[in-house]
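# Secondary and tertiary structure notes
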Amino acid sequence: QFPFGRRLPCDIYWHGVSFHDNDIFSGQVNKFPGMTEMVRKITLSRAVRTMQDLFPLEYNFYPRSWILPEEFALFVDEVRMMKDSDPGWKPTFIVKPDGGCQGDGIYLIKDPSDIRLRGSIQSRPAVVQEYICKPLLVDKLKFDIRLYVLLKSLEPLEIYIAKDGLSRFCTEPYQEPTLKNLHQVFMHLTNYSLNIHSGNFIHSDSVSTGSKRTFSSILCRLSSRGADVKKLWSDIISLVIKTIIALTPELKVYYQSDIPAGKPGPTCFQILGFDILLMKNLKPMLLEVNANPSMRIEHEQELSPGVFGNVPSPVDEEVKVAVIRDTLRLVDPQKKKRKDDHLERQQIESYRKKINVRYNYFLCYRCQAFEHVSEADEELLDTGQGDKPRYDSAESPEAGLPSLCLKQVFPKYAKQFSYLRLVDRVAALFIRFLGVKGTTKLGPTGFRTFIRNCKLSNSSFTMASVDILYIDITRRWNSMGIEHKESGMCLQAFVEAFFCLAQKKYKSLPLHEQVALLIEFCEYHLAALDEKRLVCGRG
Ligand code: ADP
């Protein structure tokens, strides 16, 4: 810790909240620029919606959502239309303030007219979402899953998922929402920070009981009931990869702005907390992504009447220590050989002994069923290195530790998902035309150059229409009050303009085909231009 500032460069920087240090020129930072903004409820909903527009079936793991206040009228209209077409549909909605966390300001409603738009704190921007009424219950209680995901690199994309996570339980038996029980937070919201205040909260002293358990203990229960946990894992892995694919385009824009290519700067990695709800039919649904998930391994408890203290939480420790340890191991810059002096060897030996004890304990608590999952699921979950400790005395002590939990899923399964990465390619075009590094918005000249270089204007789409398109879309996005720091066209606005151009050029095809064709068209013309410039340069 450097409370008074830091003079020497470090190998790994562990920032508490977000990427904020512009004086780092080397090493690795545990946060990506822009990640906090990207996972806010509204931004995440927008990013997922763009993907839902392109690939509705692939992205049906995120509940239908509307952004308030700007989409309030749309929300009312769409709900009315859906009710008209299916009179038996009796939905519930959940309203979540943007930027809120720990259940703060969240409430359930039965009808759009119940939204508190004005007056109180609830008037702040929010996401309203279809409420999942039939969650999977364990011991009659609703619960959600917190999974830890390591985004090790953005370019090339590298993702790891922790094999175990946490399951956080409600503290009142679940009933489907009715007007009478809508306000019962201990029944509907799984937040630990809320339920800890319930008289029914049980501090877990083992990994498979109480109000916070390991996810593996839940899988164990499900497996013993005959559930297909292998498919469940596969669905969860898809959900995580697809969500990150939705986030990467904008993250790349932030990245090039804070850490311009070609200049000295750090590389980034980040541990993300994915909150997932399982539906009764075991379909995983994404609730939200946390850029700064709590890594606490103790909890507050009343030790004697009126006396509170921090006590170790075995469940948190079991899951989180492994995540941090594996993360540090994966980003370890000291992959080179170290001096093997006597003291160091002794340290390594004692460390190994300790870790072996921990590793055996880890294996013991995992029930047979989960062992079966990881074995049967080798294809899906294994990095190819195996779970067993691999020691190489020539490497650093960390390199000799077993991989406890993080499993690579990308690029391992890249082939299956590459067709989804269209917006990434649109973002690459956007970044190319941003011009001066350090910005995140495209000016009118940059947009005109994009149109010209990609040969997108013609007699029916003149440069005057190009300017009108730019002004219309940019004005609308900037009026949504997302961020006023810079003027110009943000990536989301550019994506909208790009979709417009694609629809105009390739009428009557599905949107994702139109967009893919336009990307190819642009990439082709830009490659030709680059070649021409290269030849001219040589000449
Ligand atoms: P916060 O950041 O405030 O925790 P979340 O989006 O995680 O906000 O929502 C809080 C809790 O509300 C979740 O942990 C979950 O139990 C419940 N919840 C959120 N969205 C839904 C939904 N669409 N359907 C059912 N329950 C939900």
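Details of the structure are given in the entry above.
Scope of this entry: the structure provided in the associated data block. Computed from a predicted model, the values in this text were never measured in an experiment. (Residues numbered from 1 in each chain as written. Predicted model: local features only at pLDDT ≥ 70, side-chain atom pairs only at ≥ 80, totals over all residues. Heavy atoms only, no water.)

### Some points on the site of the ligand
The test is simple: Proximity is defined per residue: any heavy atom of the residue falling within 4 Å of a molecule or strand makes that residue near it. Any pair of N or O atoms that falls within 3.5 Å is considered a polar contact. Within protein, one atom must be able to donate a hydrogen and the other to accept it, and sequence-neighbouring residues count only if both atoms are side-chain atoms. All accessible-area figures derive from a Shrake-Rupley calculation using a 1.4 Å probe, and residue coverage is judged against the displayed protein chains alone. A run of DSSP states H or I qualifies as a helix once it reaches four residues; a run of E qualifies as a strand once it reaches two. Both are numbered from the N-terminal end.
Surveying the vicinity of the ligand reveals 23 residues, the closest of which are K96, G103, T190, N191 and E288. Here Q102 contributes a backbone N or O atom positioned 3.3 Å from an oxygen atom of the ligand. In the model, a nitrogen atom of the ligand is placed 3.0 Å from a nitrogen or oxygen of the E130 main chain. Look at the ligand: alone it shows 540 Å² of surface, and the protein chains cover 99% of it. Mapped by element, the contributors of at least two residues to the shell around the ligand are β4 (93-97), β6 (126-130), β8 (141-153) and β14 (284-290).

### Points about unusual backbone geometry
A cis geometry characterises the amide bond from L68 onward to P69, with omega recorded as 5°. Looking at the secondary structure, you find P69 in the loop between β3 (65-68) and α3 (72-85). Cis geometry marks the peptide bond from E155 to P156, where omega comes out at 0°. Turning to its location among the elements, P156 is positioned in the loop between β8 and β9 (158-162). Positive phi values are uncommon outside glycine, yet K140 reaches one of about 65°. As for its placement among the helices and strands, K140 is situated in the loop between β7 (137-138) and β8.

### Some points on the side chain of R168
Looking at the element boundaries, R168 is found in strand β10 (residues 166-169). Polar side-chain contacts of R168 include one of 3.0 Å to the side chain of D275.

### A short note on the sheet that holds strand β1 (residues 12-13)
The strands that make up a sheet pair up through hydrogen bonds in the backbone, lying either parallel or antiparallel. What counts is decided by this rule: Two strands pair if DSSP finds at least two bridges between them.
Pairing in this open sheet of three strands is parallel, and the strands run β1-β2-β12 from one edge to the other. Pairing within the sheet leaves two strands with one partner each, and these edge strands are β1 and β12 (267-268). When β1 meets strand β2 (residues 28-29), the two strands line up parallel, connected through two bridges. Counterpart to I12 in the pairing with β2 is Q28.

### Focus on the sheet that holds β6
Heads up, the condition is: A fitted line through C-alpha atoms serves as each axis, taken over the contacting stretch for helices, and the angle formed by two N-to-C directions is quoted from 0 to 180°. Only heavy atoms enter the contact rule, under which two residues are in contact if any of them lie within 4.5 Å.
Spatially, β3-β6-β4-β5 is the arrangement adopted by the four strands of the open sheet, whose pairing is antiparallel. With partners counted over all chains shown, the strands left at the sheet margins are β3 and β5 (107-109), one partner each. Each neighbouring strand pair of the sheet contributes to a mean axis angle of 25°, computed without reference to strand direction. The sheet contact formed by β4 and β6 spans five bridges and is antiparallel. Along β6, the bridge assignment pairs P97 with A126. Packed onto the sheet, helix α2 (residues 41-54) meets β3, β4 and β6 and runs at close to 135° relative to β3. Relative to the sheet, α3 contacts β3, β4 and β6, its axis offset from that of β3 by approximately 150°.

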